Amino acid sequence: MKKQRNLFPYKFTQGCMSALKDDLLPSQVLIEPQKELIMRKLSPTFIYFFGALGGLLFGYDTGVISGALLFIQTDLHVHAWAQGWITSAVLLGAVLGALIIGPMSDRLGRKKLLLLSAIIFFIGALGSGLSGSEMMLIISRIILGISVGAASALVPTYLSELAPAKQRGGISTMFQLMIMSGILLAYISNYGLQNVAGNWHWMLGLAAVPAALLFIGGLFLPESPRFLVRHNQESQARQVLNIIHGKEELVEQEIADIQLMANEEKTGGLQELFGSMSRPVLIMAMGLAIFQQVMGCNTVLYFAPTIFTSVGFGKSAALLAHVGIGIFNVIVTYIAMKVMDKVDRRWMLNFGAWGMGISLVLMSVGMMLGSSVGFAKYLAVIALTIYIAFFSATWGPVMWVMIGESFPLNIRGLGNSFGAVVNWAANFIVSLTFLPLLQFFGTGKIFLLYAAFCFLSIWFTSKKVIETRGRSLENIEAELRSRANHLLQKG
């Protein structure tokens, strides 16, 4: 019997020669079929879950520091100014992360930079947990912030580019659901570890676990199909869209739409971001990003324990009540995720603004009346809870969804990064001015200022926000192009 010749060396050599012609690494000849096999086994749920997981890191760090600070200040003997720096260091890092890493995704891809942000967060979390001085802690939290800012720019972009138009709102809201889930985990961590030796080290260090999970899951994530088409990798984009849609005709239609927009002549970079075509969504993104913060969402969340203690709760009970608010947040955000694609985005924003504004007025009344009226403090607690419900169901998720889906393909990473930078800068300013404004206006009256911004946002939403529900990303871009051409002809 004739021995069969082993053709592997010949096939591998030929494959390598072919690969070199296409500027591929020889190892990719063997790796690509394996990647293709893994891709076929991925489910949309897996992709969406790990794509949104960056929000968990975002939320955990937002929620954990309020509880950890109670123990950091006594352990490291830090004064008020240092406490402010420890808290706001993440905000400074977030501005840097959104500014630097977000725009890079237009050149390097969404997936690669999600993996990079997971690595940065892992390093920052370990550094925070192992810190023995306030300076090391501040530096570690700036590193954490870089990852948080990067995730806030990358995740909405990635999810919006993957999701079908009719499901995009709900899928993109998974980012906000992950943020709220991260905050809840942080509250549970704060409550469960309060009596453990080295409690704040554990509270901060445990953030490394979801960071590692994001990195491992992220290795299996596909690249955004929009990014792939734009970089002449149509076959890979088709594979990804086959997983998402499962229907060949839908895939071909979407590929054709993406190619049409990708082939349009564009200037790119800041010139296109500030150009006439993108200007309407740039104004919209800036307004939504600023209003989300000046409505007082973070100050209300940070002030929640104080309100609970003022009613008569002890510190431990206040932390437990905080867990209750965290659970409530997750439930409300999940409901929002389910209705996001059934209700217009602008209607949700206006509905939320009315609810938050009225809740803040009631909370202010309850806090100003104080102990002089028996039910006043309970009114403040109930109003606070309703405020958080309205925020979690509307402005919390809708802002990120709309920024993620509105910018043209060529500058989507840059545009979302710009929106995230504005949001984090507004967050920093609101956090920085909260205590001085609190001293100037008084405990209750300051929330009337935030209520005024809630009502002002209704005008902005009605005049400046473009409705995006149920429309493909390419359709939104085509409308922007049509508007710009019309103005050019008119001018």
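Residues numbered from 1 in each chain as written. Predicted model: local features only at pLDDT ≥ 70, side-chain atom pairs only at ≥ 80, totals over all residues. Heavy atoms only, no water.

Digging into the packing of aromatic side chains
What the rule picks out here adds up to 9 aromatic pairs. Aromatic pair F46 and F50: ring centres 4.7 Å apart, planes at 45 degrees, arrangement tilted. Taken as a pair, F46 and F50 lie in helix α3 (residues 44-52) at a separation of 4 residues, close to a single helical turn. Its relative accessible area of 12% is what places F50 among the buried residues. For the pair F274 and F418, a centre-to-centre distance of 5.7 Å together with 90 degrees between the ring planes defines the contact as edge-to-face. Of this pair, F274 sits in the loop between α15 (269-273) and α16 (279-294) while F418 sits in helix α22 (residues 412-441), and the two are 144 residues apart along the sequence. (Phe/Tyr/Trp six-rings, centres within 6.5 Å; stacked < 30°, edge-to-face > 60°. Helix = DSSP H or I, 4+ residues; strand = E, 2+ residues; numbered from the N terminus. Buried < 20%, exposed > 50% of the residue type's maximum accessible area, 1.4 Å probe, protein only.)

A few points about unusual backbone geometry
With a phi close to 60 degrees, N232 is a non-glycine residue in the positive phi region. In this structure N232 comes out as exposed when scored by relative accessible area, which is 73%.

Some points on a nonpolar patch on the surface
Where nonpolar side chains cluster on the molecular surface, the patch consists of W354, I358, V361, L362, V365, M368, L369, L448 and F455 and spans about 720 Å² of accessible area. Counting residues per element, the ones that place at least two in the nonpolar patch are α19 (345-369) and α23 (446-464). In terms of residue count, the dominant contributor to the nonpolar patch is α19 (7 residues). Here L369 shows up in helix α19. (Patch = residues over 30% accessible without salt bridge, like charges linked within 9 Å, V, L, I, M, F, W, Y side chains within 5 Å. Areas by Shrake-Rupley, 256 points an atom, 1.4 Å probe, with all protein chains shown as cover. Salt bridge = Lys/Arg side-chain N within 4 Å of Asp/Glu carboxyl O.)

Some thoughts on the packing of helix α4 (residues 54-75) against helix α11 (residues 208-218)
Across the interface, α4 lies against α11 with an axial gap of 9 Å and an inter-helix angle of 170 degrees. On the basis of the axis angle, α4 is roughly antiparallel to α11. Side by side, α4 and α11 meet where G54, L56 and L57 of the first sit next to P210, A211 and L214 of the second. Of the residues contributing to the contact of α4 with α11, the split by class is 5 nonpolar, 1 polar and no charged. (Axes fitted to C-alpha atoms, helices over the stretch in contact; angles between N-to-C directions. Parallel < 35°, antiparallel > 145°, perpendicular 65-115°, else oblique. Contact = heavy atoms within 4.5 Å. Nonpolar A, V, L, I, M, F, W, Y, C, P; charged D, E, K, R; others polar.)

Here we look at the pattern of salt bridges
In this structure the tally under the stated criterion is 12 salt bridges. Here E479 ties to R471 by a salt bridge, and the two come within 2.3 Å at their closest N and O atoms. We classify E479 as partly exposed; its relative accessible area is 27%. Three or more residues are tied together by salt bridges with common partners; here these are R168, D341, R345 and E405.

Brief notes about the environment of L137
Inspection of the secondary structure puts L137 in helix α7 (residues 134-162). The exposure class of L137 is buried, given its relative accessible area of 0%. Beyond its immediate sequence surroundings of up to four residues, L137 is in contact with I72, L76, I86, S128, S131, W200 and L204.

Overview of the nonpolar core
Core analysis: the largest hydrophobic core is formed by 133 residues, its most contacted members being I72, L288, L360, M363, W395 and F447. In terms of residues, this core owes the most to one element, α7, which gives 12 residues. Dropping the residues within four chain positions of it, L288 is found in contact with L349, W395, M399, M402, F460 and V465. (Core = buried A, V, L, I, M, F, W, Y, C linked by side-chain atoms within 4.5 Å.)

Here we look at α22
Taking 1.5 Å as the rise per residue, α22 with 30 residues should run 44 Å; its terminal C-alpha atoms sit 41 Å apart, in good agreement. Considering bend angle alone, the principal kink of α22 is centred on F434 and spans about 40 degrees; proline P436 follows within four residues of it. (Expected span 1.5 Å × (residues − 1). Bend = angle between axes of the 7 residues up to and from the residue.)

Things to note about the side chain of R141
Tracing the sequence through the fold places R141 in helix α7. Residue classification places R141 among the buried positions, given a relative accessible area of 1%.

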